[in-house]
Amino acid sequence: MAQSRITRFFGKRSANDDISNSDCSEDDPSENASCSHDRNRPTELDGSGDQLPSLTHPGASSSSKKLKIAQGFSHTWKESRPWLIYVEKEGMYCTLCRKYNKKPFGRTSWNTTPSVRIRLQTVKNHEETAEHKDSVKLELELVHTKNVSEVLTAPQDISTDAMVEAFRCLYFLCKNDIAHTTNFPKLLELEKVLGNDILSKIKKGNNAKYTSETAIQEFLQCLSEVIETDILTEIRKSDSYALMFDETTDVSVIEQMVIHCRFIDPSGNLCVRYLKILDALAKTGVPHGHEADMNELDDTVITLNADTICTKVVNFIESSNLSYETLRGVGTDGAAVMTGKKNGAVKKIVERQQEKQTDKHNPNKLINKALGQHCAAHKLNLAAKQAGSEFSVIQRFKRVLAQLHNFYSRSAVRSSGLKSVQEILKRTLQETGKVNNPSETRWLALGECTLKLRDILTSVVISLERETVERADPTAAGLVNLMTRFEFIATLELLCQVLPTVNRLSAQFQKSQIDFCAVKIALTATTAILNQKAAMDLTQDISVIGQKMESNGIKLKYNSGNLIDDVNHFKEKTQVPFIEKVIENLHVRFQDTDIMTAFSAIFSRENYRNGEPEQLCQHVETLCEHFAIPKAKATNEVKDFMFYVTAAGEDQFVTQDDFLQNLTMSPDTSIYSTSFPLLAKLARIYRVLPPHTADCERDFSKLKLIKTDIRNRMGESTLDHLLRIRTEGPPIGEYPFENAVKLWSQKKVRRYKIRLK
């Protein structure tokens, strides 16, 4: 019924129409126009319904062709025909035929060129054409409404405030690791219940609700791009930046590579930002949806080698329009595929960097070379791990810890038994908790495990004895036998003394804002502490543990029957050699290269007071050659700076960190950047060099919260957007949602416009 009424509305005469006896034929000024009919490509339609400036046709000008006007145009004709447009001195157009590219009688009249016979009968004849009726039908199918006239004259826009509220709801979900595509419509329903009907504000018609997965993904992309654009803009403004990247395997067994960046902002502050997550094994250059032939696949597709990593990083740098001339460092986890001297990924990236800077017309151009760095936290973990691997007593201790953790973690009954023992002996022992996992992949895990075990050792042994007697468990009996020996207690106490010191250093290395200056200071202090631990007497500490166990009926097994003799023997054979080996490994793994030695010398305040100018100048020349800085100017600045520091007095720089901070501050707040620009530039380079990849490791933890077993089909781009919002997104009250809405409205031509402020 509704369909027939609308058909009559567009096809029948109106009561206001005048009857004309004129000839109904119409003239088309474009006789050679194409007769193609395209039903699926609607052209842009002006929503106002009053004027259509874009319809102006050069051939319709009164100067080129005289209009065949037998009767003047009457605006009463438009009252029942909202599709009818009249352009003064041109003619009549049909907005529906133009929108759906319909051409009555195979001509362009009423579509791209005007109908120049201004007669009512001409309009009525056009209404009866099959092409016009098809356009009416398509419009009805598109808008799903009973009143086409109302649709054509209704406002075609959405309030910015309403869309900002919708974007804010989506941002909340993404920031809190909540599945966004399934929960966004539900959150809008909750807002409606709470009195804020966002859905009705953004909804237009029956088909524009903006709650589909496609619309939500477009919102998400815009939220992410606003953040990404700001970060990349800051990096491009900086004269020094460095990249850090690492890889991991996600829940879908996809090799993911995370890229972070360190740079100095205009205020002189060190900034660390997330940049991108990439599918490390996805073939570069294969179009989305294209299924490559297996015969075309090479090793770069199925193997995470240096070429694959280099290609991914280089493509990201160039697609993001980042400068190779300001790339100062590359930080990795130190794997051979990353840091290989001949074919490592870092070496290949630096080669590409040099290639892009080479100028055939200027062979004397200075070439900047990025400096590869091995993560300090990884090196520290390897130094301690390799030191322990050379001592059989420490290896046996670690195996017992792993077996003990498995014994309780794999049985709820045994864990409940341990908890019951601790509850019964709560007043006397005051021991609570469980055995931690001594994972070697987690940097701080072994130290935390040994400290916890020392606190609950007595209750654990009592629980094992109970398992041995009541359930005749051979594993429990073996663990009791090993854990009541002197060497186990002594090793436990030794690691409780050494590992917290190493863990404290590791925690310092994992700070985002740390630089190599702080790394060197922390390493020196830790070495001094470990030397004191090597001379420490463990007799008293071991005696306290033994007395506590014996008071609860647990007898210790000494090697010689005398505690002091056993402690002295353990100190000679294990304690001192182990700590010395740790210190030796630290010196080997943290050995300075020529570049880092030069940086340490130049930015040591003592060298400016007591150092030799010629030595400092040699170090400056080394750095200038590597980082493309004019040598002569830089050496002159260093000499002048030595006199400046001497004249300024002893209290000019309190610490070495203050020394670097003053050199990298903005010229608006510090005179050093203006007076000594090249020295300040070297200071900025020193500060951005990445001492670790801990920020990438933290992203891996966030990755596991975002891409879970339930969301294991998440695509690379969606994961990248969510991780960027989760990592770099500001608090919800500080995010510029208006910018995201504006970006979304400009992504493509939309049927409903946004009323931008």
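Which residues make up the packing of helix α15 (residues 392-409) against helix α18 (residues 445-471), and what values do they have?
Across the interface, α15 lies against α18 with an axial gap of 11 Å and an inter-helix angle of 60 degrees. Relative to α18, α15 is oriented oblique. You can see that α15 and α18 cross each other, and the crossing is left-handed. For the pair α15 and α18, the contacting residues are F397, K398, L401, L404, F407 and Y408 in the first and L446, C449, T450, L453, V460, S463, L464 and E467 in the second. When the residues that make up the contact of α15 with α18 are grouped by side-chain class, the tally is 10 nonpolar, two polar and two charged.

Before we move on, can you summarise the nonpolar core with the specific residues and values?
Formed by 79 residues in total, the largest nonpolar core has its most connected members in M163, F167 and Y210. By residue number, the principal contributor to this core is helix α9 (residues 213-237), which donates 11 residues. The next biggest cluster of nonpolar side chains, apart from the first, holds 67 residues, and it includes V393, M483, L492 and L538.

Explain the packing of aromatic side chains residue by residue, including any values.
The full count for this structure, using the stated rule, is 21 aromatic pairs. Taking 6.3 Å as the distance between ring centres and 65 degrees as the angle between the ring planes, the aromatic pair formed by W83 and W110 counts as edge-to-face. Pair noted here: W83 is in the loop between α1 (2-11) and β1 (84-87) and W110 is in the loop between α2 (95-99) and α3 (120-127), with a separation of 27 residues, a long-range link. W110 matches W83 in its accessibility class, with the two residues each being buried. Ring centres 5.2 Å apart and planes at 85 degrees place the aromatic pair F407 and Y408 in the edge-to-face group. In this structure Y408 comes out as buried when scored by relative accessible area, which is 4%. Pairwise contacts between aromatic rings join F167, F184, Y210, F219 and W744 into one cluster. Above the plane of the ring of F407 lies R414, whose end atom (NZ or CZ) is 4.1 Å from the centre.

Please provide a residue-by-residue account of the sheet that holds strand β7 (residues 327-332), values included.
The mixed open sheet is built from five strands, whose spatial order is β6-β5-β4-β7-β8. Lying at the two open borders of the sheet, with one neighbouring strand each, are β6 (270-279) and β8 (371-374). Here the average twist between neighbouring strands, direction ignored, is 20 degrees. Where strand β5 (residues 255-264) and β6 come together, nine bridges link them in antiparallel fashion. Of the residues in β6, the one forming a bridge with C261 is R273. Along the sheet face, helix α30 (residues 677-688) touches β4 (241-249), β5, β6 and β7 and points at about 150 degrees away from the line of β5.

Thresholds, definitions, all that
- Residues numbered from 1 in each chain as written.
- Predicted model: local features only at pLDDT ≥ 70, side-chain atom pairs only at ≥ 80, totals over all residues.
- Heavy atoms only, no water.
- Axes fitted to C-alpha atoms, helices over the stretch in contact; angles between N-to-C directions.
- Helix = DSSP H or I, 4+ residues; strand = E, 2+ residues; numbered from the N terminus.
- Parallel < 35°, antiparallel > 145°, perpendicular 65-115°, else oblique.
- Left-handed = near helix turned anticlockwise from the far one by under 90°.
- Contact = heavy atoms within 4.5 Å.
- Nonpolar A, V, L, I, M, F, W, Y, C, P; charged D, E, K, R; others polar.
- Core = buried A, V, L, I, M, F, W, Y, C linked by side-chain atoms within 4.5 Å.
- Buried < 20%, exposed > 50% of the residue type's maximum accessible area, 1.4 Å probe, protein only.
- Phe/Tyr/Trp six-rings, centres within 6.5 Å; stacked < 30°, edge-to-face > 60°.
- Lys NZ or Arg CZ within 6 Å of the ring centre and 35° of its normal.
- Pairing = 2+ DSSP bridges.

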